[in-house]
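As a plain string of letters, each chain reads:
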2 protein chains.
Amino acid sequence: MGENIGSVARAIKNFNIKYLRIVNPRCNWPSQKALATSVGAKDVLKSVKIYDSVEKSIGDLDIIFASSSRIRKVNKRIISVTNLKTKITKGKKIGILFGSESSGLSNDEISCADYLVKIPSNKKFSSLNLSHSAIIFCFELFQYFSGKKIKYKTGYKSSVAKKSEVNRFLNFIIQGLDKKGFLQPDHKRQSMIRNINNIFHRLNLSE
Amino acid sequence: MGENIGSVARAIKNFNIKYLRIVNPRCNWPSQKALATSVGAKDVLKSVKIYDSVEKSIGDLDIIFASSSRIRKVNKRIISVTNLKTKITKGKKIGILFGSESSGLSNDEISCADYLVKIPSNKKFSSLNLSHSAIIFCFELFQYFSGKKIKYKTGYKSSVAKKSEVNRFLNFIIQGLDKKGFLQPDHKRQSMIRNINNIFHRLNLSE
């Protein structure tokens, strides 16, 4: 369906993958519905290549992974998508085969793949939406190809407040609480103030 | 939209997560469209809880992660979704906040979270579909909670063919090729046969 193709186009572009190939699309092509669900991945849709057989679609590639939610009785190495990265060889062109949303890949279609790849999931509910499967593959590939561990920093800049500033703030609070008669009875006042000090000094308040 | 909620329900059930909470749904609830896109995750939709504020929706939880595609100027720790597992504490109830498909979470909504979590992605096209974000979080959580490394075995059982069987097959092939006059000229016949033997003995053919 066009909607699914559009969602896949968006998903793969989210992870910097540009090439989408389709074998015998069931919808008319190009598809307006695909354009709608792609939400801006127009360039991916424009460069889609259409083929009439799986064999032809993979002719120029080196390593083929077939996505499958079912463990099948096929004579094929089966790996988890989390191990995908260990099977990628530098300089080789890789392709990932996905079946249709409704029935997945046939055993004939799988026969030209090097590996069957499964996404570890709930055994009682393991059938993923097509674009959901695609985005998990792309997520794994992106991590592999982007290499280094990513660390994020917030753009928020504010120094930790000096103790004198925290104390000024605390004096203000305590004066207010005294005015409202909150720090009563008198013999508990000091321990309540100590608790308040403990709380606010622990917070690493910013300026 | 109902479609998005249904897709999220399916996505989280794929990874064994049962609880979905919605703050101020824009569609009527329960939603027929959600039911359609959930493709069998009816139980998740039936147990959805509806809230009228983010604060109320997280009242009983211990650690809150807010999903965000933008690095914001907020005074909040920012981590990658691949590090989510390092922030989970045993026995604590965790919640993950997602914003709407169109505009994400507001800074006010984020203020009650412990961490801002980002999915590393294409910097020039980083806005993921709501259910796509959700499934990547669930995929990461599932790997953490299922713990052990998963290895798959094919159900396909077939012993490797004995060398005598491979040789019988090769003799059959060579007789056939001789009959068709393929192994010509005569002085190259032996090296062609050697190549054929090399190819088929390397294959680990099954019986």
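Parameters and conventions
- Residues numbered from 1 in each chain as written.
- Chains lettered and ligands numbered in written order.
- Predicted model: local features only at pLDDT ≥ 70, side-chain atom pairs only at ≥ 80, totals over all residues.
- Heavy atoms only, no water.
- Domains from an automatic or database assignment.
- Contact = heavy atoms within 4.5 Å.
- Buried area = accessible area lost by both parts, 1.4 Å probe.
- Salt bridge = Lys/Arg side-chain N within 4 Å of Asp/Glu carboxyl O.
- Polar contact = N/O pair within 3.5 Å; in protein donor to acceptor, adjacent residues only side chain to side chain.
- Helix = DSSP H or I, 4+ residues; strand = E, 2+ residues; numbered from the N terminus.
- Pairing = 2+ DSSP bridges.
- Axes fitted to C-alpha atoms, helices over the stretch in contact; angles between N-to-C directions.
- Phe/Tyr/Trp six-rings, centres within 6.5 Å; stacked < 30°, edge-to-face > 60°.
- Buried < 20%, exposed > 50% of the residue type's maximum accessible area, 1.4 Å probe, protein only.
- Parallel < 35°, antiparallel > 145°, perpendicular 65-115°, else oblique.
- Left-handed = near helix turned anticlockwise from the far one by under 90°.
- Nonpolar A, V, L, I, M, F, W, Y, C, P; charged D, E, K, R; others polar.

A. The domain arrangement of chain A, seen in detail. What the domain assignment lists for chain A is domain 1 (2–146) and domain 2 (163–202). Once you take the C-alpha centre of each, domain 1 of chain A and domain 2 of chain A turn out to be 61 Å apart.

B. Main features of the interface of chain B and chain A. Each partner contributes to the interface: chain B provides 49 residues, whereas chain A provides 49 residues. Interface area, chain B with chain A, both sides summed: about 3900 Å², of which 62% is carbon and sulfur. Inspection of the region where chain B meets chain A yields 2 salt bridges. A:Arg10 is the partner of B:Glu101 in a salt bridge, and the nearest nitrogen-oxygen pair spans 2.9 Å. The interface formed by chain B and chain A holds 18 residue pairs in polar contact (both at pLDDT 80 or more) in total. The set of elements that each furnish at least two residues to the side of chain B that touches chain A consists of helix H1 (2–14), strand E4 (77–80) and helix H6 (130–146) of chain B. The dominant element in the side of chain B that touches chain A, judged by the number of residues it contributes, is H6(B), at 8 residues.

C. Up close: the sheet that holds strand E3 (residues 63–67) of chain A. Residue and element names in this part refer to chain A. Strand order in the open sheet formed by 4 strands is E4-E6-E3-E5, with parallel pairing between adjacent strands. If you trace the sheet from one side to the other, it starts and ends with strand E4 (77–80) and strand E5 (94–97), each paired once. Averaged over all pairs of adjacent strands, the angle between their axes in this sheet comes to 30 degrees, without regard to strand direction. The strands touched by helix H6 (residues 130–146) within the sheet are E3, E5 and strand E6 (115–118), with E5 carrying the most contacts at an inclination of about 155 degrees.

D. Here's a closer look at the packing of aromatic side chains. Residue and element names in this part refer to chain A. A complete count under the given rule lists 12 aromatic pairs over all chains for this structure. Here the aromatic rings of Phe-65 and Tyr-115 are separated by 5.6 Å at their centres, their planes lie at 20 degrees, and the arrangement is stacked. Taken as a pair, Phe-65 in strand E3 and Tyr-115 in strand E6 lie far apart in primary sequence, 50 residues in all. Take Tyr-115: its relative accessible area is 13%, and that puts it in the buried class. Note on Tyr-144 and Phe-145: the rings are 4.9 Å apart at their centroids and 80 degrees apart in plane angle, and the pair reads as edge-to-face.

E. View of the packing of helix H1 (residues 2–14) of chain A against H6(A). Residue and element names in this part refer to chain A. Direction vectors running N to C along H1 and H6 enclose 15 degrees, while the axes themselves pass 9 Å from each other. With respect to each other, H1 and H6 are oriented roughly parallel. In this structure, H1 meets H6 at a crossing whose hand is right-handed. Of the residues in H6, those in contact with Asn-4, Ser-7, Val-8, Ala-11, Ile-12 and Asn-14 of H1 are Leu-130, Ser-131, Ala-134, Ile-135 and Cys-138. Residue classes in the contact of H1 with H6 are distributed as 7 nonpolar, 4 polar and no charged.

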